[in-house]
Amino acid sequence: MKKVTKENGFSKNLIVGLSRAATVAGFLFWAGVGFAQTAVVSGFSGEAVPVQAISETPPAQSDSIVAVTADAYGLSQAPLESLPVMGGTFWIVETNGVIPPFPCLPVQYWNCQAWQMADGIYLVDATGGQVPQAPRLMARQSMTANTVDSVQAAVDAQGNAVANLIEQVQDAQFMRETAAMFGLDMPMLDSGTEYSANFAYSFDTNSLWLEITNVSNGFSYYNLHNATNQVYAIMTTTDLTQPFSVESELFPADTNCQPFNLQNNGRQYLFVRAMDWTGVTENGNTTPDWWFWEYFGTTALSDTNLDSFGSTLLSDYEDGTDPNIISFSLVVTNTYVNTMSVPAQLNITHGWPNYMAVVIDDTNYIADAIWQTYTSSNITVNLGLNGGWHDVWVGLKGLPNNATQTWQRKHINLALPPVIVITNPISTTVSQPLIQIYGYCQEQLASISYDLSNALGVATGLPSEITDQYYDPNSRGFTTNYFECLDVPLTNGLNTVTIHATDLAGNNTTTNFTFTLDYSSKTNPPLVQVTWPSVGTQISGSSFTCRGVIGDPTATVTAQVVFTNGDTNIFYNGIYTNVYVASVERNGNFWLENLPISAGTNIYSIVTKDVVGNTTATNISVVQSSLVLTINPVTPDSQLWQPTVSLSGTISITNYAVWVNGVKGHNNGNGTWSANNVPVNDSGTASFTATAYAPNEQQPDGSYGN
Amino acid sequence: MKTQLIAFCLFISVGFAGAATQTVLNQDKPSQIYIKKYYMTDSGSYDNTYDPFFGGNNTVTFSASVPNWSDWTSGTATLSSHLTQTGESWFNGQLEPYYDTGDVTVNWSWPKAKWPNLSATQNISYNYVDSPGTSQYGSGSFANSNQPAPVFMEHCDMSVNTSYTGDGVTFISENRTAQATVKLRTGGKATSKLRNLFAITVGANQITPNNPYDVYLGMNPLWGFTGVSGYLFERVNGTNIPSQNIAVGSYGNLNANGVLYKILPDNADVDVTPSIAGVDYYNFGVGRTKYQSYFEVFVNQPNPGTNYTLTDTTGHAFWQFKTDAPADALQYITASLTNFVNRSWGFYPHGSNCGLAGQLQNDSIGNNGNGHPYSVKKVFYIGFPDLINGLEFTRGISNAPPIYCFAAYGYSCVGAATDAGYSVGITLPTWWNPWNWMPQNFGAAVALKYPGPLADETPRYSN
């Protein structure tokens with residue numbers, strides 16, 4: 001226990017003084033780690049006088065030990081005429097040390113220099129001008145080494161004695177002034193060498209009292225004793241001429257001794273006072289000051305002020321509600337970034353934050369949060385070095401330690417430059433002049449395109465499409481992007497495809513892939529399969545669409561009518577007109593639309609021809625039926641994306657059964673038919689094949705008749 | 001080079017009623033927006049100790065999951081909650097549980113064939129005390145037919161965690177993640193030439209969860225249980241997000257009118273999931289319009305319906321490049337080409353035949369006396385890039401007309417119309433054929449090559 005005060009004129013108020021003084025010439029104040037502490041003691045009276053309020057004096061003699069020490073302490077020299085005749089205190093430093101003080105300056109010292117140490121207290125140099133350097137100079141000239149050390153020690157001792165005297169006098173003066181602030185009188189003693197022993201005090205340990213226990217690492221530690229009420233204000237000031245203000249409040253859990261601490265915040269002097277705040281109100285409020293201060297750090301509020309959500313503070317106080325619940329959103333310009341430092345903004349819609357915490361990638365963010373004083377709604381978040389998704393948690397809360405915490409999370413991707421992978425074609429040597437390129441990138445892309453360079457030149461900015469994105473539930477974001485570059489035309493030899501990809505963070509990647517077009521492996525004609533009609537099919541109508549599949553989508557498919565004489569060419573007036581060219585899709589599906597069909601048997605030669613001239617010819621024959629059988633188009637056509645649709649059409653014979661895509665319909669007997677739940681194929685063109693069965697024909701399910 | 005001949009078994013027959021007869025409808029599917037996948041998880045808790053002294057407490061935990069939704073496919077979803085309430089009995093002052101719903105769970109599952117009429121089964125059990133000493137227990141299940149699964153077009157990646165005092169001590173938290181992946185099927189046939197112009201539109205609203213403090217007052221995931229309601233957050237559809245801030249897939253941002261024009265291949269299946277930078281929670285709707293483009297060839301035959309007649313030497317052939325694209329989409333066509341789109345053009349003599357350059361003239365179309373008559377019309381699908389190619393061809397004829405020569409092997413209206421088709425990949429009968437230079441014969445050749453009505457308005461694919 002260092003310094004204590006007792007209850008005094010402030011009812012139930014206590015005060016502890018804390019000061020930090022500059023160290024001078026290696027001398028410290030009394031105690032503490034980097035601090036010296038002092039206290040206010042009751043029972044004194046007097047007027048406060050500033051310690052350093054010294055009048056102008058002539059400059060001190062520079063080479064005297066006493067003068068050097070007085071200079072070091074900033075004392076002012078006092079001319080003889082300014083010295084009091086009586087009532088002062090004159091400390092005389094002679095060559096043998098400090099002698100007891102005189103109430104007046106003896107005449108034999110009138111030619112000595114004097115310095116004012118405190119109000120009415122003077123230091124008189126009667127050493128005759130001893131200088132610190134003299135012993136060493138003497139040693140070099142005529143003294144032995146042992147003698148040098150002895151002389152040096154004597155000089156040090158004299159300097160220490162003078163310094164101690166000055167400090168004790170000044171400490172006494174300081175405490176006297178402090179006591180005076182509280183209406184206490186504390187006379188300066190005029191005799192004795194142990195000043196500390198003269199600052200005895202007493203206090204009532206049965207009442208509220210305050211104790212300082214330690215000063216360490218920027219904090220000072222206290223105990224509040226006998227705090228038996230609900231709440232106490234801890235008030236501080238750094239200048240006793242200024243009022244105290246509340247710095248903290250204390251809800252004692254231990255009524256005998258409740259520890260607490262304060263941040264020193266670089267304050268050189270800190271005076272601490274505790275005050276029972278229980279039930280204290282002001283300005284006609286019902287809400288107590290301590291409640292205002294707890295949530296808002298001020299007592300300058302009223303019952304009718306509104307909280308962060310519009311309720312009165314009085315109602316919050318009465319309901320035990322936190323009046324400062326904070327609501328905010330965390331905003332970043334882009335959740336995809338390419339630098340680890342990400343600016344973010346806190347848009348606060350309710351409340352007034354006092355503290356903020358930022359936690360990265362920590363599911364235990366509440367427990368691990370380190371709260372800092374909230375200073376700005378613009379913050380910078382550091383994601384660290386690892387790329388990928390990061391969870392950024394930002395918490396805000398109000399003033400109390402147990403204030404409502406509100407947390408918001410932002411999911412931010414520190415994106416690395418995209419990496420492009422091609423999955424098709426597998427080989428870099430291809431044999432088709434038109435290729436489909438498929439690939440993927442492991443991250444979401446903002447854009448993708450490609451350039452093509454080959455014997456024909458360079459084409460840039462060709463379109464590519466993202467066909468799918470994989471949403472990863474674990475990372476809670478899109479990851480793999482799949483893309484395609486369709487119908488890339490190649491020329492013989494080397495072709496370079498340069499893919500440009502940009503991710504959502506703005507990272508750009510350019511990747512070259514080369515493909516060599518080589519027809520040497522094309523030795524066989526493309527395989528072809530006619531899907532419909534099959535040989536011998538009886539077809540209603542005057543034209544039909546033949547469809548099938550070809551192994552090489554870059555091959556051409558044509559159809560020619562074969563006449564009975566085997567001639568496939570109509571040469572009418574010199575014009576070949578009956579060559580019908582199919583539309584061929586990328587997957588090899590081909591469509592020969594509107595092939596004419598006439599009465600009787602019709603024979604068609606389906607000819608496929610690849611890029612190097614390999615040819616396949618396939619003949620099919622079909623028969624035109626006299627039965628009229630039609631299918632009405634599906635309207636609206638959006639139904640065609642459904643798994644099944646309902647169909648209808650016309651039929652010229654009322655007792656025929658109708659099947660469509662394996663589903664039996666109903667001949668309505670009025671020239672129409674209908675069918676429900678007809679399956680729809682998956683491709684971009686829906687194909688429905690209706691088949692009419694005569695009553696004597698066996699149907700797919702083995703039945704007969706409509 | 002190798003040639004193979006596959007000869008099917010040929011037979012000669014005559015069609016007759018009594019044998020199975022077939023007909024086929026091949027109908028191109030339109031473009032379509034669909035949800036490729038919807039993923040959602042939502043979990044949270046609400047814990048209110050309203051009477052710290054006696055331990056009165058309300059606790060709600062809930063979770064919801066739609067792990068894998070896709071339009072027109074089978075899938076499952078679950079939603080569950082559990083509410084317990086304990087408190088001081090007014091009767092004897094003892095702390096006792098007086099409400100416990102048990103686990104309330106709704107499971108959805110649906111087979112592909114049943115989509116979208118999904119069946120939900122709700123399982124519920126409860127345990128509560130409604131008066132001192134009287135406990136009510138129950139359990140059961142019931143089916144809600146045709147209750148749709150909780151699928152939204154949305155993006156959500158939010159967490160809120162807060163605690164506060166007020167009517168006791170409350171801790172409330174929620175983590176919600178949702179993402180709909182939206183795709184566009186472009187429809188049609190996947191031929192290499194057909195790339196069409198699409199207008200993609202997106203409307204999006206940023207959703208702001210209500211402050212938890214407000215929500216807690218009315219929150220009850222059981223009592224207000226309907227579908228997916230009852231989450232801790234009340235969703236408030238907030239501000240409409242400016243269209244320029246909305247990106248569509250990898251195609252860039254919408255324009256100020258909320259439209260993104262993009263040329264896409266037919267029968268492709270591409271990602272059009274909207275994304276909005278920096279926004280954590282929004283819902284959206286995606287629309288599309290496919291604008292097809294066409295090449296139309298018109299032939300005015302002196303003797304319509306007759307075949308080749310060498311004596312017929314008059315008539316006319318002309319063409320038109322047409323698109324369904326609206327005016328604001330045509331800004332993507334250079335100004336020098338817009339004059340030629342959606343207008344018919346013909347090549348005419350300008351001075352002497354076979355001596356001077358001809359001239360391109362706009363031909364108004366019609367058989368009603370107000371426009372140029374025609375006897376043969378064929379319409380072909382072309383892609384939007386081909387449309388531009390065709391317009392450039394037309395502009396070329398206009399800017400640098402060749403010598404007009406209405407004669408065998410000469411370049412006249414037939415040659416120009418044929419080349420117009422060629423510029424967009426449409427194969428018409430060759431004009432340099434010694435017979436086809438005459439419109440009468442050219443029209444007949446077109447009709448033979450592309451069967452159907454002479455004036456056929458039905459678009460067909462390029463052959």
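Residues numbered from 1 in each chain as written. Chains lettered and ligands numbered in written order. Predicted model: local features only at pLDDT ≥ 70, side-chain atom pairs only at ≥ 80, totals over all residues. Heavy atoms only, no water.

1. Some details on the overall build of chain B
- If you tally the helices and strands in chain B, you get 5 helices and 24 strands.
- Counting the 463 residues in chain B, one finds 54% classified as buried.
- Within chain B, contacts between residues separated by at least 24 positions form 70% of all contacts whose residues are at least 6 apart in sequence.
- With an accessible surface of roughly 18,500 Å², chain B has 54% of that area assigned to carbon and sulfur atoms. (Helix = DSSP H or I, 4+ residues; strand = E, 2+ residues; numbered from the N terminus. Buried < 20%, exposed > 50% of the residue type's maximum accessible area, 1.4 Å probe, protein only. Contact = heavy atoms within 4.5 Å. Areas by Shrake-Rupley, 256 points an atom, 1.4 Å probe, with all protein chains shown as cover.)

2. Some words on the overall build of chain A
- Secondary structure assignment for chain A yields 6 helices and 48 strands.
- Within chain A, the fraction of its 706 residues that count as buried is 51%.
- Across chain A, every contact between residues at least 6 apart in sequence was considered, and the portion connecting residues at least 24 apart equals 62%.
- Accessible surface, chain A: about 30,800 Å² in total, of which carbon and sulfur atoms supply 50%.

3. Digging into the confidence of the model for chain B
All names here are of chain B.
- Across chain B, the average pLDDT comes to 76, with 62% of residues at 70 or higher.
- At the low end of the mean pLDDT range in chain B sits helix α1 (residues 212-218), at 40; at the high end sits strand β14 (residues 246-248), at 96.
- Between residues 141-146, whose pLDDT stays under 50, and residues either more than four places distant or in other chains, the model counts 17 contacts.
- Scoring of the predicted complex yields 0.73 for pTM and 0.83 for ipTM. (pLDDT = per-residue confidence, 0-100.)

4. Things to note about the interface of chain B and chain A
- Every contact between the two is made by 91 residues of chain B and, on the other side, 122 residues of chain A.
- In total, chain B and chain A occlude about 9,000 Å² of area from one another, counting both sides; carbon and sulfur atoms represent 52% of this.
- The largest share of the area that chain B buries against chain A comes from Thr21, Gln22 and Lys29 of chain B, three residues that together contribute 9% of it.
- There are 5 salt bridges connecting chain B and chain A.
- Notably, a salt bridge pairs arginine 409 of chain A with aspartate 157 of chain B, separated by 2.8 Å at the nearest N-O pair.
- Linking chain B with chain A are 37 residue pairs in polar contact (both at pLDDT 80 or more), by the criterion used here.
- For the side of chain B that touches chain A, the secondary structure elements donating two or more residues are β1 (3-7), β2 (21-28), β3 (32-51), β10 (154-165), β11 (169-185), β15 (259-265), β16 (269-271) and α5 (439-449) of chain B.
- Partitioning the side of chain B that touches chain A into residue classes produces 36 nonpolar, 38 polar and 17 charged.
- Sheet topology note: the strand β48 (residues 685-693) of chain A/β2 of chain B ladder contains 8 bridges and is antiparallel. By the bridge assignment, threonine 685 of chain A is partnered in β2 of chain B with aspartate 28 of chain B. (Buried area = accessible area lost by both parts, 1.4 Å probe. Salt bridge = Lys/Arg side-chain N within 4 Å of Asp/Glu carboxyl O. Polar contact = N/O pair within 3.5 Å; in protein donor to acceptor, adjacent residues only side chain to side chain. Nonpolar A, V, L, I, M, F, W, Y, C, P; charged D, E, K, R; others polar. Pairing = 2+ DSSP bridges.)

5. Focus: the sheet that holds strand β14 (residues 327-331) of chain A
All names here are of chain A.
- Here we have 3 strands laid out as an open sheet, ordered β14-β16-β19, and antiparallel in their pairing. Strands at the two margins of the open sheet, each flanked by one partner only, are β14 and β19 (378-382). The mean inter-strand angle of the sheet, taken between neighbouring strand axes irrespective of direction, is 35°.
- Bridging between β14 and strand β16 (residues 341-350) involves 5 bridges; their strand directions are antiparallel. Each residue of the ladder has a partner; that of leucine 330, found in β16, is leucine 346. (Axes fitted to C-alpha atoms, helices over the stretch in contact; angles between N-to-C directions.)

6. Some remarks on unusual backbone geometry
- Asparagine 424 of chain A connects to proline 425 of chain A through a cis peptide bond whose omega is 0°.
- A positive phi angle is found at arginine 476 of chain A, which is not glycine, with a value near 55°.
- Mapped onto the elements, arginine 476 of chain A comes out in the loop between β27 (465-472) and β28 (477-489).
- Its relative accessible area of 18% is what places arginine 476 of chain A among the buried residues.
- Phi angles above zero are rare outside glycine, and asparagine 267 of chain B is one such case at about 50°.
- Inspection of the secondary structure puts asparagine 267 of chain B in the loop between β15 and β16.

7. Focus: the state of the cysteines
All names here are of chain B.
- Taken as a whole and judged by the stated rule, the model has 1 disulfide over all chains.
- A sulfur-sulfur distance of 1.9 Å marks the disulfide that ties cysteine 354 to cysteine 405. Where cysteine 354 bonds to cysteine 405 through sulfur, the torsion about that S-S bond is close to 80°, and the disulfide is right-handed. With cysteine 354 in the loop between β21 (343-348) and β22 (359-362) and cysteine 405 in the loop between α3 (384-399) and α4 (413-423), this pair connects stretches of sequence that are 51 residues apart. (Disulfide = S-S within 2.5 Å.)

8. Describing the packing of aromatic side chains
- Counted under the stated rule, the structure contains 31 aromatic pairs over all chains.
- Between tryptophan 290 of chain A and tyrosine 317 of chain A the ring centres are 6.4 Å apart and the planes differ by 75°, which places this aromatic pair in the edge-to-face class. Here the residue tryptophan 290 of chain A occupies a position in helix α4 (residues 289-296), and tyrosine 317 of chain A occupies one in helix α5 (residues 313-319), the gap between them amounting to 27 residues.
- Taking the relative accessible area as the measure of exposure, tyrosine 317 of chain A reaches 27% and is therefore partly exposed.
- Three or more aromatic residues joined by ring pairs form one cluster here, namely Phe251, Trp290, Trp291, Phe292, Tyr295 and Tyr317 of chain A.
- Against the face of phenylalanine 244 of chain A rests arginine 273 of chain A, its NZ or CZ located 5.4 Å from the ring centre.
- The residue whose ring lies beneath arginine 185 of chain B is tyrosine 34 of chain B, and the NZ or CZ to ring-centre distance is 3.8 Å. (Phe/Tyr/Trp six-rings, centres within 6.5 Å; stacked < 30°, edge-to-face > 60°. Lys NZ or Arg CZ within 6 Å of the ring centre and 35° of its normal.)

9. Some thoughts on the packing of α3 of chain B against α4 of chain B
Residue and element names in this part refer to chain B.
- Relative to each other, α3 and α4 sit at 150°, their axes nearing to 8 Å. With respect to α4, the axis of α3 lies roughly antiparallel. Note on packing geometry: the crossing formed by α3 with α4 is right-handed. Between α3 and α4, the residues in contact are Asn389, Gly390 and Phe393 and Ala416, Asp419, Ala420 and Ser423, respectively.
- Here the contact of α3 with α4 is composed, by residue class, of 3 nonpolar, 3 polar and 1 charged. (Parallel < 35°, antiparallel > 145°, perpendicular 65-115°, else oblique. Left-handed = near helix turned anticlockwise from the far one by under 90°.)

10. With respect to the sheet that holds β21 of chain B
All names here are of chain B.
- With respect to topology, 6 strands assemble into an open sheet ordered β22-β21-β20-β19-β23-β24, the strand pairing being mixed. Looking at which strands have only one partner, the edges of the open sheet turn out to be β22 and β24 (455-460). When strand polarity is set aside, the average angle formed by the axes of neighbouring strands in this sheet is 20°.
- With 4 bridges connecting them, β21 and β22 associate as antiparallel partners. Across the sheet, the residue bridging to tryptophan 345 is asparagine 362, located in β22.
- Across the face of the sheet, α3 comes into contact with β19 (293-300), β20 (316-323), β21, β22 and β23 (376-382) while running at roughly 135° to β20.
- On the sheet, α5 packs against β19, β20 and β23 and is oriented at approximately 135° with respect to β19.

11. Quick word on the nonpolar core
- Core analysis: the largest hydrophobic core is formed by 46 residues, its most contacted members being Phe295, Trp319 and Phe321 of chain B.
- Membership of the second largest hydrophobic core comes to 31 residues, among which are Ala178, Ala180, Val272 and Tyr282 of chain B. (Core = buried A, V, L, I, M, F, W, Y, C linked by side-chain atoms within 4.5 Å.)

12. Side note on α3 of chain B
Residue and element names in this part refer to chain B.
- If you check α3, its first and last C-alpha atoms are 22 Å apart, about what 16 residues at 1.5 Å a residue would give, namely 22 Å.
- Those residues of α3 lying buried are Phe384, Asp386, Leu387, Gly390, Leu391, Phe393, Thr394 and Ile397. Buried residues in α3, looked at end-on, bunch into an arc of 165°, giving them a common side. (Expected span 1.5 Å × (residues − 1). Arc of directions from axis to C-beta.)

13. Side note on the environment of leucine 270 of chain A
All names here are of chain A.
- For leucine 270, the location among the structural elements is in strand β13 (residues 269-276).
- For leucine 270, a relative accessible area of 1% puts it in the buried group.
- With 16 residues separating them along the chain, leucine 270 and aspartate 254 place their C-alpha atoms 25 Å apart.

14. Considerations on the pattern of salt bridges
Residue and element names in this part refer to chain B.
- Across all of its chains, the model carries 18 salt bridges over all chains by this definition.
- With a shortest N-O distance of 3.0 Å, aspartate 266 and lysine 290 are connected by a salt bridge. Taken together, the residues span a long stretch of sequence, with aspartate 266 in the loop between β15 and β16 and lysine 290 in strand β18 (residues 281-291) at a distance of 24 residues. Judged on exposure class, the residue aspartate 266 and its partner lysine 290 are both buried.
- For glutamate 296, the salt bridge identified is with lysine 322, shortest N-O distance 2.9 Å. Placement of glutamate 296 in strand β19 and of lysine 322 in strand β20 is noted, with a sequence separation of 26 residues between them.

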